Amino acid sequence: MLASGRGSNLQALIDAIGEGRLHARIVGVFSDRRDALALQRARDAGLLAEALRARDFDTRLEFDAALFERVDAVQPDLIVCAGYMRLLGQPVVEAHRGRMLNIHPSLLPAFKGLRTHEQALAAGAPVHGASVHFVTPELDGGPVIAQARVPVRGDDDAPALAARVIAREHPLLVETLRLFAQGRVALQSEHVHLDRAPLPAPLQL
Ligand code: GAR
């Protein structure tokens, strides 16, 4: 898993696995920030947790290569970006095509990029939400696997809307990963394919 911040989505997965709601194993949590709360949550759960600082590398490609050398070493079946806030370069994205997911706080293709709750409020969107999608070289542009919707209320500000969305992100991510753990979803060229044969072993994240 990749995470840069608070790690509440990571925590939702740790809890779901611990409670037997998700047949998976988190084999490593990697961050671009040493102070990410996500790393602390991972360590508290007894998981491998590592950070690399981008400023210790000359280019983004070198940083990505070093980070993914560590990620690949633990052999995840799927790489989940859960609040990973650094752009990934094309080489690592292409190398992990169909095996890397991102959770994004909007109903894609609406409101890509940052400050999505502010974007939704500024656009006067009546509904907002979150999406889980395959990572492709286009930022927040890969095929969507699942979405959760929330209403936008007249008196919402960005923090209120963000709180409503994040509460739906957690079950959305767990449910989407359950589909993978059951072997029921895959990327076939540009399309998400559902209903494949079950996988025998726990999904490695
Ligand atoms: C989540 O809202 C996630 O969708 C978003 O960052 C937050 C991380 O929260 N991701 C992005 O904006 C990616 N561009 P968390 O650290 O508590 O899981």
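Further up the page is the structure itself.
Rules and cut-offs
Residues numbered from 1 in each chain as written. Predicted model: local features only at pLDDT ≥ 70, side-chain atom pairs only at ≥ 80, totals over all residues. Heavy atoms only, no water. Helix = DSSP H or I, 4+ residues; strand = E, 2+ residues; numbered from the N terminus. Rg over C-alpha atoms; globule rule 2.2 N^0.38 Å. Buried < 20%, exposed > 50% of the residue type's maximum accessible area, 1.4 Å probe, protein only. Contact = heavy atoms within 4.5 Å. Areas by Shrake-Rupley, 256 points an atom, 1.4 Å probe, with all protein chains shown as cover. Lys, Arg positive; Asp, Glu negative; His and termini not counted. Charge placed at Lys NZ, Arg CZ, Asp CG, Glu CD. Polar contact = N/O pair within 3.5 Å; in protein donor to acceptor, adjacent residues only side chain to side chain.

Caption draft 1: View of the overall build of the protein chain. Helix and strand content of the protein chain: six helices and 10 strands. The C-alpha atoms of the protein chain give 16 Å as radius of gyration, which agrees with the globular expectation for 205 residues (17 Å, within 12%). Projected onto its principal axes, the C-alpha coordinates of the protein chain cover approximately 50 × 45 × 35 Å. In the protein chain, which comprises 205 residues, the share counted as buried stands at 48%. The contacts in the protein chain between residues at least 6 apart in sequence include a share of 58% that link residues at least 24 apart. Surface summary for the protein chain: the accessible area is close to 10,000 Å², and the carbon and sulfur share equals 51%. Within the protein chain, one finds 23 positive and 24 negative side-chain charges whose respective centroids are separated by 3 Å.

Caption draft 2: Up close: the environment of Glu 169. Here Glu 169 shows up in helix α6 (residues 158-181). For Glu 169, the residues in contact, after removing those within four places along its chain, are Asn 9, Ile 103, Pro 105 and Ala 130. Separated by 3.0 Å, the side chains of Glu 169 and Asn 9 make a polar contact.

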